[in-house]
Amino acid sequence: MQSAGFPWLSTLIVLPLAGAVALVFVKGSLVRWVALGITIANLMVALPLWWLFDPGSGQMQFVEHVSWITSPPIHYSLGLDGISLPLVLMTAGLLPLCVLTSWQAVTTRIRSFMITLLIMEAAMLGVFMALDFLLFYVFWEAMLIPMYLLIGVWGGPNRLYAAIKFFLYTLTGSILLLVAILVLFFYGGHTFDILALTQVSYPTSLQMWLFMAMFAAFAVKVPMFPFHTWLPDAHVEAPTAGSVLLASVLLKMGTYGFIRFSLPMLPDASRAFTPMMITLSIVAIIYGAYMALAQVDLKKLIAYSSVSHMGFVTLGLFVSNLQGIEGAVLQMVNHGITTGALFLCVGVIYERTHSRLIADNVGLTKPMPQYATFLVIFALSSLGLPGTNSFVGEFLVLAGTFLWSKGATALASLGVILAATYLLWMVQRIAFGVPSPHHLPELKDLNQRELATLLPLAVLVFLIGFFPNPLVSRMQTSVTKTIDLMSRTRVAPSTQPSAEHGPAAPVMTVHQPLTQEDAR
Amino acid sequence: MTFSGADLLAILPELIIITAACLVLVFDPITPFPRKDLLAWLCLAALALCIGFTGGQINILNVRVTAFSDLIVIDAYARFWKLLLYVVSGLTILMSMPYLKAERLNLGEYYGFILLALSGMMVMVSAADLLTIYLGTELMSLSLYVMAGLKRSEPRSLEASAKYFVLGAFSSGILLYGISLLFGVAGSTKLADIAAAVGTRGLGDPILVMATILLAVGFGFKLAVVPFHMWTPDVYQGAPTCVTAFMAVASKAASFAAFLRVFVEGLGGLKANWSMLFMLLCVLTLVLGNVVAIIQTNIKRMLAYSSIAHAGYALVGVVATGRGVGGSGSTTGLASVMLYLTLYAFMTLGAFTVVSMLRKGGLEGEEIDDFTGLAKRQPLAAFLMLVFMVSLAGIPPTAGFIGKFYVFMAAVEADMTWLAVVALVFAAVSAYYYMRVVMVMYMRDPEVSTVESPHLVTSPALSIVLACAVAGVIVFGIYPNPLVSLATQSVLSLK
């Protein structure tokens, strides 16, 4: 494990926070530029991690470990593995785009808006990097207020309802997570260290309760089928940058929670709940797709498509084989890129016609050829066309599902077909046809700023689509390790604890420095 | 009974406060009306002296001094609460100065009453004898009755005072009845003697059960837990805002301090009995406080119900204390209660300070709607209110989260996970009404048609209070270590 050296991860968190403070004192006309500069600087800090990361190691890397609260022992402990690295890079990469897309769209209180965005960035990155369960929870909750403000202050006409609905849903879900964390603390050897807690074998009945408590938090965030109703409201009312963050990053926190906590910590319960989780995933895939078919509002359509696509992610996670989980992690990144880009596209057109209705935005190919090209690219990526990023992820998920059950695969594939239906139909209506004459003067093609927001994502779509290997190879070891952790008790529950995962020595092997420090 | 110099030295802080109170009352008639602030500064000087005196003893935390034949005990526990009470009283005085001026209530005796109430509270936290506690309680309550009715021209204030007085006197009677029963059992009102008598009598003794219930009811009124909370909304709403803040924070803290000492030191043998009782009260308080707060439109009333609810969270820690297995469980439970009330003090004082600043056409702006669009007109104040509301809702990284975290941790440790779940569910409910304040401040646009839009009156004194409160909320939210270790150490002195 490499530690010491440059505190990359703390820099990633501190830089946006310091930037948020600096923004208070910046001259009004410069606010946008400074915010852009800070987010780009943060991306520049994040990018080297891609090459510095050692793909062969299943350990946490870039670890930082400082005592925070002494009693009970809570640590400010950060680290990255192959699962969190892509998500951190994706988050850092999306923020400059969010600033860019809000350049003109946000007219009121731009300073507060940028400050809120930067605080969000720090909290979101913190969620993916935290190695202490309580630290994770602090970041997880700290993100609620900025997001609430983002929707409620800068949102659409029905923003108050959407904001409070988002807030209460996610808060109610996550409070049970806090109880689960506390219970784990007392059962897992009086520590909040995620890696140490992962090594402990918990009684099966306890695992069931803990799983349900965590499920409440993560399933709301994903959102899984019966808990998804906040999503369309929040997406529709949020400003473009808010929708992008919501779809690309916040939803990933739920699935990240499943893969980081539920699967490795509670393997027995995860297995017991697998049929339920897979059923809910498939219902989400099909239901979300059907709902998307019926939407007349672009943002709502993409919101429901998110429900459907996130169903693939949870499906891949809970078939719990290498292909499934790898596909799921890949799909988390892909969905972040593609859906984020689609929301950016909606933002572009909304700035021109001030309507998100499909009916108001028809026939854009003629007046806006570049825009139409991007829209088609991202729509095709979203429906999983070979050669685009989503194809790789969805294929892996379906391949993993096939090993688990052929029937489930057939049902899930239905989602792919439906995705093609609603996305192509949307493209057909928006790109082709005759634009309404009174919108025509406003339909100018992309300017350079908008081009700059969409182009990087389009490049990524094809880059991951054609060369998924660099990404997959970085996550492979970590995914394998998660699967190993999951299968540990299936072999021999109590009689023969293997040297690495034995409950008798829960922390000794994997996380050496922590153990020594805790032992003192 | 004889006094010695050592006895008087032990209660030096109390003597300083009472002397200052008397001086205020003496100087009040000869201080010209515009210069009543001088009296406030006199009080602050006395408080600073006391902070220096008690704070100087913080290094010798474990030294336990008894005085007046064991009627008074000054241990780490008492010192902790006294320091909190000094700080709260100081901040209340600072926030009162501009408020009283704006309300044209600039009465010198107000400051005297604050100090008298404070001295009562100080007696409560360091008394080791039920009657001494009773005397402290009465001194505190009598001062608060008068302070609640300070707005003599306003019927609501008078109603608050009268209601508070009648119910307070009634509860004092019940408390006294409980004390007399315990005296009958133990032959003494000293907590140590009562603890010994409880040890010999055992759990099932009907007189002890009766006395426990009566004491719980008596303290329940002071703590404003359901179902003894009826006076709270009316009194909090009617009383001048600075008095409300003082009641919600200082009187609650002192009552909790005395209550814990009585039930842990005196009736510790009856843990199993009273923890059942408080579990019931705790759940009732959480449910009613949070649910009724949702429908309030007056912010002072809403904060009143919120303070009821917060007493419920603190009770979670008390229940954990009672149910804790072995020594460590009860220590963390008690420490969590102390921590909770300290952190609660900062956020509640801050919230009430913002409320007291809001003026609408020469009157107080007390309706939640009066906060509409505050973020546009006064962004800094709105942001501070946001921080206080977020903290009251218990969302990290604020002090409110740290407080709740330790309380729930104590509950889980005492094997009361279900209670933590119930409390957390109602914490989510509470987020709704706290966020509603944020919503009107940030997300609603003010109507332009109103004659005079509500605005905030600022002053240097208020800025100091707000700075202290927000610093407390954020610093302890991010780095609670010193406070946690102080609370944990202080609890150890409680036997």
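Computed from a predicted model, the values in this text were never measured in an experiment.

(A) Structural context of the overall build of chain A. When helices and strands are tallied, chain A shows 21 helices and 2 strands. For 520 residues, the compact-globule formula gives about 24 Å, and the C-alpha radius of gyration of chain A, at 22 Å, lands near that figure. C-alpha extents for chain A along the principal axes are approximately 75 × 60 × 40 Å. Split into buried and exposed, the 520 residues of chain A put 59% on the buried side. Counted over contacts in chain A with a minimum sequence separation of 6, partners at least 24 positions apart contribute 80%.

(B) Structural view of the overall build of chain B. The helix and strand inventory of chain B stands at 20 helices and 5 strands. In terms of C-alpha radius of gyration, chain B reaches 22 Å, essentially the compact-globule figure of 23 Å for 495 residues. Seen along its three principal axes, the alpha-carbon backbone of chain B occupies a region of about 70 × 55 × 40 Å. Burial statistics for chain B: of 495 residues in total, 61% are counted as buried. Sequence-distant contacts, at least 24 apart, represent 80% of the contacts inside chain B between residues at least 6 apart.

(C) Local environment of the sheet that holds strand β3 (residues 358-360) of chain B. All names here are of chain B. The 3 strands are arranged β4-β3-β5 in an open sheet whose pairing can be described as antiparallel. Looking at which strands have only one partner, the edges of the open sheet turn out to be β4 (363-364) and β5 (455-456). The pairing of β3 with β4 spans 2 bridges and is antiparallel. Across the sheet, the residue bridging to arginine 359 is glutamate 364, located in β4.

(D) Looking closely at the environment of A:Leu246. Residues and elements named next belong to chain A. Position of leucine 246 among the secondary structure elements: in helix α11 (residues 240-265). Sequence-wise, leucine 246 and proline 470 are 224 residues apart; in three dimensions their C-alpha atoms are separated by 26 Å. Here leucine 246 is in contact with Ala234, His235 and Ala238, once residues within four sequence places are set aside.

(E) Spatial organisation of helix α16 (residues 379-393) of chain B. Residues and elements named next belong to chain B. For α16, built from 15 residues, the straight-helix expectation of 21 Å at 1.5 Å per residue is met to within 8% by its first-to-last C-alpha distance of 21 Å. Burial runs high along α16: 12 of the 15 residues are buried. For α16, the set of buried residues is Ala381, Ala382, Leu384, Met385, Leu386, Val387, Phe388, Met389, Val390, Ser391, Leu392 and Ala393. Taken from the residues just after α16, glycine 394 is the one with a positive phi, measuring 80 degrees.

(F) The arrangement of the confidence of the model for chain B in detail. Confidence along chain B averages 89 in pLDDT terms, with 96% of residues attaining 70 or more. For this predicted complex, the interface score ipTM comes out at 0.92, alongside a pTM of 0.91.

(G) Broad picture of the packing of helix α4 (residues 76-102) of chain B against helix α5 (residues 108-126) of chain B. Residue and element names in this part refer to chain B. The contact between α4 and α5 brings their axes to 10 Å, and the two run at 165 degrees. With respect to each other, α4 and α5 are oriented roughly antiparallel. Here the hand of the crossing between α4 and α5 comes out right-handed. Where α4 abuts α5, its residues Ala78, Trp81, Lys82, Leu85, Ser89, Thr92, Ile93, Ser96 and Leu100 lie against Tyr110, Tyr111, Ile114, Leu118, Met121, Met122, Val125 and Ser126. Of the residues assigned to the contact of α4 with α5, the class counts are 12 nonpolar, 4 polar and 1 charged.

(H) Structural view of helix α18 (residues 448-466) of chain A. In this model, α18(A) (19 residues) spans 27 Å end to end at C-alpha, consistent with the 27 Å of a helix rising 1.5 Å per residue. In the core, the buried residues of α18(A) are packed alongside α3 (84-105), α14 (322-353), α15 (369-382), α16 (389-404) and α19 (469-486) of chain A.

(I) Representation of the interface of chain B and chain A. At the interface, 26 residues of chain B touch 26 residues of chain A. Going through the elements one at a time, α17 (399-413), α18 (417-442) and α20 (481-492) of chain B are the ones with two or more residues in the side of chain B that touches chain A. In terms of residues, the side of chain B that touches chain A owes the most to one element, α18(B), which gives 12 residues. Class assignment for the residues of the side of chain B that touches chain A results in 21 nonpolar, 4 polar and 1 charged.

(J) Spatial organisation of unusual backbone geometry. For the bond from A:Ser71 to A:Pro72, the omega torsion is -5 degrees, close enough to zero to count as cis. Along the chain, A:Pro72 turns up in the loop between β1 (61-69) and β2 (74-80). Here the amide bond leading from B:Pro396 into B:Pro397 is cis, since omega sits at 0 degrees, within 30 degrees of zero. Structurally, B:Pro397 can be placed in the loop between α16 and α17. Despite not being glycine, A:Ser320 shows a phi value in the positive range, around 45 degrees.

(K) Broad picture of the nonpolar core. Within the largest apolar cluster, 400 residues are counted, with the highest numbers of intra-cluster contacts made by B:Cys43 and B:Ala253. Among residues more than four places away in sequence, those in contact with B:Cys43 are B:Ala20, B:Val24, B:Ile93, B:Tyr111, B:Ile114 and B:Leu115.

(L) Quick look at the pairing of β2(A). All names here are of chain A. Counting buried positions along β2 yields 6 of 7 residues, so the element is predominantly enclosed. In terms of strand pairing, β1 meets β2 through 6 bridges, oriented antiparallel. Residue pairing for β2: glutamine 61 is matched across the bridge by leucine 80. Here β1 folds back onto β2, and the loop between the two strands holds 4 residues.

(M) Here's a closer look at the environment of A:Gln448. Tracing the backbone shows A:Gln448 in helix α18. Along the backbone, A:Gln448 and A:Leu176 are 272 residues apart, and their C-alpha atoms lie at a distance of 46 Å.

(N) Highlighting the packing of helix α9 (residues 204-221) of chain A against helix α12 (residues 267-293) of chain A. Residue and element names in this part refer to chain A. At a closest axis distance of 8 Å, the pairing of α9 and α12 adopts a crossing angle of 65 degrees. Classified by the angle their axes make, α9 and α12 are roughly perpendicular. In the crossing of α9 with α12, the sense of the turn from one axis to the other is right-handed. Contacts between α9 and α12 involve Thr204, Gln207, Met208, Leu210 and Phe211 from the first element and Asp268, Ala269, Ser270, Ala272 and Phe273 from the second. Of the residues contributing to the contact of α9 with α12, the split by class is 6 nonpolar, 3 polar and 1 charged.

(O) Summary view of the confidence of the model for chain A. Residue and element names in this part refer to chain A. This prediction gives chain A a mean pLDDT of 86; 93% of its residues lie at or above 70. Mean pLDDT values for the elements of chain A range from 39 in helix α21 (residues 512-519) up to 93 in helix α5 (residues 133-142). For residues 490-520, every residue scores under 50 in pLDDT, and the model assigns this stretch 28 contacts once sequence neighbours within four places are set aside.

Cut-offs and rules
Residues numbered from 1 in each chain as written. Chains lettered and ligands numbered in written order. Predicted model: local features only at pLDDT ≥ 70, side-chain atom pairs only at ≥ 80, totals over all residues. Helix = DSSP H or I, 4+ residues; strand = E, 2+ residues; numbered from the N terminus. Rg over C-alpha atoms; globule rule 2.2 N^0.38 Å. Buried ≥ 20, exposed ≤ 12 C-beta atoms within 10 Å, placed from the backbone. Contact = placed C-beta atoms within 7 Å. Pairing = 2+ DSSP bridges. Expected span 1.5 Å × (residues − 1). pLDDT = per-residue confidence, 0-100. Axes fitted to C-alpha atoms, helices over the stretch in contact; angles between N-to-C directions. Parallel < 35°, antiparallel > 145°, perpendicular 65-115°, else oblique. Left-handed = near helix turned anticlockwise from the far one by under 90°. Nonpolar A, V, L, I, M, F, W, Y, C, P; charged D, E, K, R; others polar. Core = buried A, V, L, I, M, F, W, Y, C linked by C-beta atoms within 7 Å.

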